[in-house]
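Notes for the structure review
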Amino acid sequence: MRNARYGLLASALIIGGPPAAVGQLEVGGSALDNCAEIDPLRKGGNYTEARDKAQVCLEALEQEVTGSVGSLFSANVAGWTRTDIEQGNALGFTNVTATYAKGETTATVALTGTGGSGGGGLGSLLGGFARAGLAGSGQPVRVAGLPASVQPDGMITVTLEDGSFLTFSSPSFSAQDTALAGLGELVNAFPVAEINKALQ
């Protein structure tokens, strides 16, 4: 008899599934729809659910920022043609990497940053480390009024105001003295100021 009851209970769970799972499943809509639900939940005293909706909302907004910043990685810049672009957002960090080609020469432009959330303390910390690192190595330069450095391996690194890094590199220009000559046109024409503004 006891085994029969457990069998019926197990069958009911398999057929009906756990009741909590039904309440979690949301079909349709956008992750951004969660943003409108935060305040009513908070006012109703449902703080845990409001927090969960806020986390989903923040992730969706970070994806929007990544997309808007990625759109600034133009298809053509100063004779360089974009051949590939990858965009993502993980653990609150924006990552956009684009490959450009000009004749037989390729270059990579990569953005790694705090997802446009202002970065808070983390963004400030990253920016501080970046500025300290740039001050200690490489040839200091400025790009769009922002601190930058040409590293001994030829990588040009720009520190954006939110603590993000925008880098330019090419296997064809892997030394400090050739990087500016080889990548200078790409760096000068790239919308660095616009990317910096989009992340603020």
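Everything that follows concerns the structure shown earlier in this document.
Below: a short report on this structure. (Residues numbered from 1 in each chain as written. Predicted model: local features only at pLDDT ≥ 70, side-chain atom pairs only at ≥ 80, totals over all residues. Heavy atoms only, no water.)

Looking at the overall build of the chain
- Looking only at helices and strands, the chain features seven helices and eight strands.
- Burial status across the chain gives 33% buried among its 200 residues.
- Within the chain, contacts between residues separated by at least 24 positions form 47% of all contacts whose residues are at least 6 apart in sequence.
- Carbon and sulfur atoms provide 58% of the accessible area of the chain, an area that totals close to 11,400 Å². (Helix = DSSP H or I, 4+ residues; strand = E, 2+ residues; numbered from the N terminus. Buried < 20%, exposed > 50% of the residue type's maximum accessible area, 1.4 Å probe, protein only. Contact = heavy atoms within 4.5 Å. Areas by Shrake-Rupley, 256 points an atom, 1.4 Å probe, with all protein chains shown as cover.)

Quick look at the side chain of Asn-196
- For Asn-196, the location among the structural elements is in helix α7 (residues 192-198).
- Here Asn-196 is in contact with Leu-146, Leu-160 and Glu-161, once residues within four sequence places are set aside.

Details of helix α6 (residues 176-189)
- In a regular helix each residue adds 1.5 Å, so 14 residues correspond to 20 Å; α6 covers 20 Å between its end C-alpha atoms and thus fits that length.
- Leu-183 marks where α6 bends most, by close to 60°.
- Among all positions of α6, only Ala-179, Gly-182, Leu-183, Gly-184, Leu-186 and Val-187 are buried. (Expected span 1.5 Å × (residues − 1). Bend = angle between axes of the 7 residues up to and from the residue.)

Thoughts on the environment of Gly-138
- Mapped onto the elements of the fold, Gly-138 is located in the loop between α5 (120-136) and β5 (139-143).
- Considering only alpha carbons, one finds Gly-138 and Gln-151, 13 residues apart in sequence, at a separation of 4.2 Å.
- Those residues in contact with Gly-138 that lie beyond four places of it in its chain are Ser-149, Val-150, Gln-151, Pro-152 and Gln-176.

Section: the pattern of salt bridges
- Under the definition given, this model contains three salt bridges.
- Where salt bridges share partners, they join Asp-39, Arg-42 and Lys-43 into one cluster. (Salt bridge = Lys/Arg side-chain N within 4 Å of Asp/Glu carboxyl O.)

So, the nonpolar core
- If you look at the biggest cluster of nonpolar residues, it comprises 28 residues, and the most contacted ones within it are Phe-73, Leu-166, Phe-168 and Phe-190.
- When residues of this core are assigned to their parent elements, the largest contribution, four residues, is made by α6.
- Setting aside its immediate chain neighbours within four residues, Leu-166 contacts Phe-73, Val-109, Ala-110, Leu-111, Ile-156, Thr-157, Val-158, Phe-190, Val-192 and Ile-195. (Core = buried A, V, L, I, M, F, W, Y, C linked by side-chain atoms within 4.5 Å.)

Concerning the pairing of β5
- When β5 meets strand β6 (residues 146-150), the two strands line up antiparallel, connected through five bridges. Residue pairing for β6: Val-143 is matched across the bridge by Leu-146.
- Taking the residues between adjacent antiparallel strands as the criterion, β5 and β6 are bridged by two residues, where Ala-144 takes a positive phi near 55°. (Pairing = 2+ DSSP bridges.)

Comments concerning the environment of Ala-198
- Structurally, the position occupied by Ala-198 is in helix α7.
- Classification of Ala-198 by relative accessible area gives partly exposed; the value is 29%.
- Each C-alpha atom, one on Ala-198 and one on Leu-72, is 9.4 Å from the other, the two residues being 126 residues apart in sequence.

Some words on the packing of aromatic side chains
- Counting across every chain of the model gives three aromatic pairs.
- Ring centres of Tyr-100 and Phe-190 lie 5.9 Å apart, and the angle between their planes is 85°; on these two criteria the pair is classed as edge-to-face. In this pair, Tyr-100 is assigned in strand β3 (residues 93-102) and Phe-190 in the loop between α6 and α7, connecting sequence segments 90 residues apart.
- The exposure class assigned to Phe-190 is buried, which follows from its relative accessible area of 4%. (Phe/Tyr/Trp six-rings, centres within 6.5 Å; stacked < 30°, edge-to-face > 60°.)

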